[in-house]
Amino acid sequence: MPILSDEVQRYLHGLRPQRSEVMREMEALAERDRIPIVHWETGRFLAVLARAVDPVMVLEVGTAIGYSTLHIAEALGRGRIVTIERDPERVEQARGFLEAAGVADKVEIVHGNALEAIGDMSGPFDFIFLDASKDEYRRYLELAEPKATERAVLVIDNVLMSGSVAFPDDAEVPDEFGGWWGLEQRRAARALNSELIDSERWLGSVLPIGDGVAFAVKR
Ligand SMILES: C[S@@+](CC[C@H](N)C(=O)[O-])C[C@H]1O[C@@H](n2cnc3c(N)ncnc32)[C@H](O)[C@@H]1O
């Protein structure tokens with residue numbers, strides 16, 4: 001909360017459709033165990049993009065329990081998604097959910113540190129989604145960019161950090177604007193947002209979807 005006003009947020013929540021049983025279980029587990037997953041609206045945005053771009057190979061950094069992976073995988077046509085997660089318990093949970101959802105054949109889960117794993121991958125990736133450690137985003141991008149296709153799309157989650165990125169460094173950020181985000185994380189998000197908007201290599205935008213999403217395409 002609250003990048004958008006409470007009223008708009010409530011309206012958007014009311015638009016959410018009935019989810020599949022597996023997706024509902026994932027949402028319930030994430031809520032119960034406080035596992036950070038994308039907002040449903042971000043998941044839907046990823047799915048719409050996956051359908052529009054029809055990628056051959058998607059790279060996701062940060063699987064957790066596979067919630068965003070499932071949104072993307074369900075919308076894929078010919079493509080596959082490779083997703084990286086360093087926490088072994090999350091890898092097992094994601095594997096179980098993605099099998100139960102019937103999309104396991106479209107997904108490769110790589111267990112490891114993305115900072116090492118991305119370099120070992122050949123790609124090429126025509127859709128990149130970053131959603132792991134916020135202060136490592138820039139390094140994921142540096143590693144993934146050489147493996148991106150000419151018209152690759154890039155999505156990065158949490159770039160508005162509940163609105164906290166809008167506060168100056170020395171301000172006390174209220175809890176409802178994401179006071180829990182650290183100063184270094186907020187600085188990293190601000191730097192990345194500016195870099196993408198000003199980039200000569202990416203045509204970038206910052207959108208108030210979910211927790212804030214950067215959306216870019218190769219120039
Ligand atoms: C926000 S969660 C991912 C949520 C997931 N994309 C979703 O919406 O369903 C971030 C995940 O990234 C993982 N992670 C953080 N840093 C990582 C790294 N360097 N390499 C691999 N995984 C990492 C964490 O263990 C955590 O499970």
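Scroll up for the structure.
Residues numbered from 1 in each chain as written. Predicted model: local features only at pLDDT ≥ 70, side-chain atom pairs only at ≥ 80, totals over all residues. Heavy atoms only, no water.

A word on the packing of helix 2 (residues 21-32) against helix 5 (residues 88-100). Relative to each other, helix 2 and helix 5 sit at 155°, their axes nearing to 9 Å. Relative to helix 5, helix 2 is oriented roughly antiparallel. Considering the relative orientation of helix 2 and helix 5, their crossing is right-handed. When helix 2 is examined against helix 5, the residues Val22, Glu25, Met26 and Leu29 are found in contact with a partner set consisting of Gln93, Phe97 and Ala100. (Axes fitted to C-alpha atoms, helices over the stretch in contact; angles between N-to-C directions. Helix = DSSP H or I, 4+ residues; strand = E, 2+ residues; numbered from the N terminus. Parallel < 35°, antiparallel > 145°, perpendicular 65-115°, else oblique. Left-handed = near helix turned anticlockwise from the far one by under 90°. Contact = heavy atoms within 4.5 Å.)

Locating Glu145 in the fold gives a position in the loop between helix 7 (137-144) and strand 5 (148-157). Residue Glu145 is classed as buried on the basis of its relative accessible area of 14%. In contact with Glu145, not counting residues within four places along its chain, are Arg201, Trp202 and Lys218. (Buried < 20%, exposed > 50% of the residue type's maximum accessible area, 1.4 Å probe, protein only.)

Moving on, we come to the site of the ligand. Near the ligand lie 20 residues; those nearest to it are Gly62, Ser68, Glu85, Asp131 and Ser133. One of the side-chain nitrogen or oxygen atoms of Asn113 is found 2.9 Å away from a nitrogen atom of the ligand. Between the ligand and the protein, one listed contact pairs a nitrogen atom with a side-chain N or O atom of Ser133 at 2.8 Å. Classifying every residue of the shell around the ligand by side-chain character gives eight nonpolar, six polar and six charged. (Near = heavy atom within 4 Å. Polar contact = N/O pair within 3.5 Å; in protein donor to acceptor, adjacent residues only side chain to side chain. Nonpolar A, V, L, I, M, F, W, Y, C, P; charged D, E, K, R; others polar.)

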